[in-house]
Structures are given as structure tokens and as C-alpha cells.
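Report on the structure
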Amino acid sequence: MRNRAVPSALGLLLAALLAPAHSSIHAQEHISVRVIPRVGLTSPDSYFYEEFANFGNDEPTEWTNGSLGRALYLGIALETGYEDRGIFLRGELAHTFEGWLSVVHGVIRPRVLFDPPEIIYTALDVPTSLTFAALQVILPARFEAAGIRPYGLVGGGGKWYHFGSPSEPNTVEAILPSDGFTATLELGVGASFSLFGFSFDAQARDDINRYCGKTQHDLVYSGGVRWTLRGPG
């Protein structure tokens, strides 16, 4: 099911982006369509989750917490809009690589007679990747500075979390997260500019969602080359 969901999401994004062009055939001279291959970095919240297995005076206190590290971000975006109106619709599909979830399992054993409490920590690394699918509204500024035109963006979509097997056997029964999907809200800023005859796009955004019982903020910093597929007539 998970492998079929990503291509289906891309199909829906492409259909939503191209629909305005087909429904406004008489105004195509004002429509531009661009494809933007993107590369960047994700910087997630350092604190991803914390779960307690036992919490009390009679039993050892036992818990697991995890934190996501930075990961390589690769994606592809398709952008369309009316040049004279200055508002664009952008769909983006992306995936992260070389990501890890650092897991720490802790146990505090109760005091025995005059011995102090014993604290035992076990660390595990879990390979992790994220898949993003989003539809964004791009709102360019009405001005340019030194050939740079900033813009704001707001959008929404979905995010898939994928977790592999721990690097070491989970002999301590640490509580590990499971694969899943969640809806996202996207807020960000960016800028478009030209250099050496190419058009570039740089962007920083916050992908906000709920997962593992808390609000997650996955910051994405990325850039790409804007290749024009259809320019204004």
C-alpha cells in the first residue's frame, strides 16, 4: 500500500497543476509552466518522541526517547501560473536520504538498602526517511532587489515516515516508532534569481504536522534550477 501511495500522490499533484492550463485554453499566452529539480537538507526537531514503559516507585522507571538527525533532501517540483497575476501554484514530491533516528532507552532501578539508584542507558540508531508530497501557493513580492525576487509560500499535503531496523538488536525492548502517514501544513519564504543565464529558486520552509503524540517541525532548506517547459506567449 505504501509503495502505491507515493505515485498516486504525484499523479494527483500533476493533475491539479495542469488543470488550470486545460480549462483556460484561450489564455494560454499568459501561462508559464516550469519544472524545478531540488536538492537540500532537512533539519527536524531534535526531540521526536518520548514514551514510558514503567513509571513508579515499585518498579524500575523505564522509558525510550528519540531524536531525528539531518538528512539529504531530493525532490522535483512542477510550477504553473499566470505571469501577469504574479501568483503560482507549485506541486512538489520529495524524499530524504541518509537519515537516522537516535534512540536512547533508559532504566532507573530503585534504591536497594544503602545503594544509590542504578541508571542504565542503551543507545540504538534507526535508519529513517521521510517522503513529502505538497501543493503550495507561491506569492511573489512586487519588487526585485539586485535581480532577486523574494516570495512567500503557504501549502499543505502529506508526509510519510519510514523506519528501518535498528543498527543493534533491540534486546532492551526499547519503544520504537512505526511507519505512518500524516497531513502537513507548510509555511515558508524563498527567492528566485538568474545567474549565468539560468533561473534558480532557493527556499526555506517549515513542514508542520502531528506524529508520535507531538507537533513536529521539519525545516527544509533547498534550492533548484527552474527549467521552463512553457513560457508566456
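Residues numbered from 1 in each chain as written. Predicted model: local features only at pLDDT ≥ 70, side-chain atom pairs only at ≥ 80, totals over all residues. Heavy atoms only, no water.

Here the structure, examined in full by the defined rule, presents one cavity of 30 Å³ or more. The volume enclosed by the largest cavity comes to roughly 60 Å³. In terms of lining residues, the largest cavity is bounded by Thr42, Pro44, Leu68, Gly69, Ala71, Thr96, Gly99, Trp100, Thr128, Ser129 and Leu130. At the level of elements, strand 6 (99-109) and strand 7 (118-140) are the ones that each hand at least two residues to the lining of the largest cavity. (1 Å grid on protein atoms, 1.4 Å probe; cavity = no way out; pocket = protein on both sides within 12 Å on 5 of 7 lines; lining within 4 Å. Points joined across faces, edges and corners; volume = space filled by probe spheres on them. Helix = DSSP H or I, 4+ residues; strand = E, 2+ residues; numbered from the N terminus.)

Okay, a nonpolar patch on the surface next. A grouping of Ile87, Val137, Leu139, Val154, Leu185 and Leu187 is seen on the molecular surface, where their side chains present a nonpolar patch of about 450 Å² in accessible area. Elements represented by at least two residues in the nonpolar patch include exactly strand 7 and strand 9 (180-195). Of note, Ile87 is situated in strand 5 (residues 87-97). The exposure class of Ile87 is partly exposed, given its relative accessible area of 45%. (Patch = residues over 30% accessible without salt bridge, like charges linked within 9 Å, V, L, I, M, F, W, Y side chains within 5 Å. Areas by Shrake-Rupley, 256 points an atom, 1.4 Å probe, with all protein chains shown as cover. Salt bridge = Lys/Arg side-chain N within 4 Å of Asp/Glu carboxyl O. Buried < 20%, exposed > 50% of the residue type's maximum accessible area, 1.4 Å probe, protein only.)

Attention now moves to the nonpolar core. Counting residues in each nonpolar core, the largest one holds 16 residues, and the members touching the most others are Phe48, Leu101, Val103, Phe132, Tyr161 and Phe163. In this view, Tyr161 contacts Phe48, Leu68, Ser129, Leu130, Asp179, Gly180, Thr182, Asn209, Tyr211, Gln216 and Asp218; residues no more than four positions away in its chain are not counted. One finds Ile31, Val33, Leu78 and Tyr82 within the second-largest nonpolar core, a separate group that totals five residues. (Core = buried A, V, L, I, M, F, W, Y, C linked by side-chain atoms within 4.5 Å. Contact = heavy atoms within 4.5 Å.)

Looking now at the confidence of the model for the chain. Model confidence for the chain is summarised by a mean pLDDT of 85, while 80% of its residues fall at 70 or above. Within the chain, helix 1 (residues 2-23) has the poorest average pLDDT of any element, 50, and strand 8 (residues 149-163) the best, 96. In the predicted structure, residues 20-28 sits below a pLDDT of 50 and forms eight contacts with residues beyond four places in sequence or in another chain. (pLDDT = per-residue confidence, 0-100.)

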